[in-house]
Amino acid sequence: PNLSDIPPICLLPLQVANQIAAGEVIERPASVVKELLENSLDAGADQIEIDIEKGGIGLIRIRDNGCGIREAELPLAVSRHATNKIKELTDLEKLHSLGFRGEALASIASVSHFVIHSHFYNAENGYSLLLNTLSDEVIIEPVAHPIGTTVEVRELFYNTPARRKFLRAEKTEFGHIQEIVKRLALSRFNVSFNLRHQGKTTVSLKKTDDETSRLLRIGSLCGTEFMQTALTVSNENSAMRLSGWISPPSHARGQADQQYFFVNGRIVRDKLVNHAVRQAYSDVLYGGRHPCYVLYLDIDPSEVDVNVHPTKHEVRFVQSGWVHHLLVSSLQQTLEQTRPQATVNIAD
Ligand code: ADP
Ligand code: MG
């Protein structure tokens, strides 16, 4: 640059800072659905209604029956770095919520037309918050709303054309949304989920509380073949607990598209997990085949770092060797059940 016109350093306007933060976590409509559903679950909801129009590009509306938000705190809910889930960094060591960054609503609101309606559980009234993105003003008004929260996101990326250009066909975007709903429905059996696209129901799951109805949910999300053939995994030691279902080698697939691993109720992608699963199946699976699994690891929150990436899809285990070992040994033990019993010929 020309030394005479080096621009001065300026603080970015709030709206611009929020839009930049949104770039990290809000990639497509499904990212909005993920963040909003996580908030509903963190609020203790056990009934969640999801309405989508035009693959989520037109409308994403999520209604829950969680605790709601106090009227006075509505503006904070849509402010960056505002959360009621942690107070200091060390709180992450005892984190039981999915959220903690306090950025999602501020990010989403900065790249859409955004309205939130909420009725705090012991308040008399519900209130709505409307955000004027041009003036940064918030408008709060009383509304009729049952206890809980509804967030409405319209015209996603209307003001960020670069991002909007990367969106795929509505059908494809809706496919991504269905996948997110599937993952969250697999993570919380005690919550009912209803998903509608253009008014038509595509997912309808009642909350479940026993093993049979859990298996039925697995069947409707992962297919009846997986449900009927899956082997049950259940193992624990003093530090952690592994449970869930895995496919027998005979029902592996050509693609690694039915693999779900949850750590303390959070879906996670992890190289260590992939490696452990491959190792456990190595003797029984032909190359190029992929097992299906839905596995849940429950572990002390201080043993896992969730603050690795803004989307919170990655974690780091403090004792990664222990996790790897528990996985390999539990899966191997489970797979043993499928081996034909060795036949012993006693010579006469
Ligand atoms: P985070 O989830 O990381 O705290 P968010 O931006 O997603 O950040 O949400 C900000 C805050 O707004 C949350 O901490 C919570 O207090 C409140 N909130 C958001 N969604 C809901 C909801 N559906 N029900 C109740 N409270 C909510
Ligand atoms: Mg959140």
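Residues numbered from 1 in each chain as written. Chains lettered and ligands numbered in written order. Predicted model: local features only at pLDDT ≥ 70, side-chain atom pairs only at ≥ 80, totals over all residues.

## Observations regarding the domain arrangement of the protein
Okay, so step 1: For the protein, the assigned domains are domain 1 (14-205) and domain 2 (211-336).
Okay, so step 2: Of all the secondary-structure elements, those providing two or more residues to the side of domain 1 that touches domain 2 are α1 (14-25) and α6 (170-187).
Okay, so step 3: The element that contributes the greatest number of residues to the side of domain 1 that touches domain 2 is α6, accounting for 5 residues.
Okay, so step 4: Of the residues belonging to the side of domain 1 that touches domain 2, the class tally is 8 nonpolar, 2 polar and 6 charged. (Domains from an automatic or database assignment. Helix = DSSP H or I, 4+ residues; strand = E, 2+ residues; numbered from the N terminus. Nonpolar A, V, L, I, M, F, W, Y, C, P; charged D, E, K, R; others polar.)

## Topic: the site of ligand 1
Okay, so step 1: For ligand 1, the set of nearby residues contains 23 residues, the closest of which are N39, A43, T83, G99 and A104.
Okay, so step 2: Counting residues per element, the ones that place at least two in the shell around ligand 1 are α2 (29-42) and α4 (104-110).
Okay, so step 3: No other element matches α2, which puts 4 residues into the shell around ligand 1.
Okay, so step 4: Its residues assigned to classes, the shell around ligand 1 shows 8 nonpolar, 9 polar and 6 charged. (Near = placed C-beta within 6 Å.)

## Comments concerning the sheet that holds strand β5 (residues 137-143)
Okay, so step 1: Spatial ordering of the open sheet is given by β5-β4-β3-β6-β2-β1-β7-β8, a layout of 8 strands whose pairing is mixed. Of all strands in the sheet, those bounded by a partner on one side alone are β5 and β8 (200-205). Going from strand to strand, the sheet's axes swing by 10° on average, the running direction of each strand aside.
Okay, so step 2: Pairing geometry for strand β1 (residues 47-53) and strand β7 (residues 192-197), over 6 bridges, is parallel. Counterpart to D51 in the pairing with β7 is R196.
Okay, so step 3: Running at roughly 10° to strand β2 (residues 59-64), α2 makes contact with β1, β2 and β6 (148-154) of the sheet.
Okay, so step 4: Where α6 meets the sheet, it contacts β1, β7 and β8, and its direction lies at approximately 175° from that of β7. (Pairing = 2+ DSSP bridges. Axes fitted to C-alpha atoms, helices over the stretch in contact; angles between N-to-C directions. Contact = placed C-beta atoms within 7 Å.)

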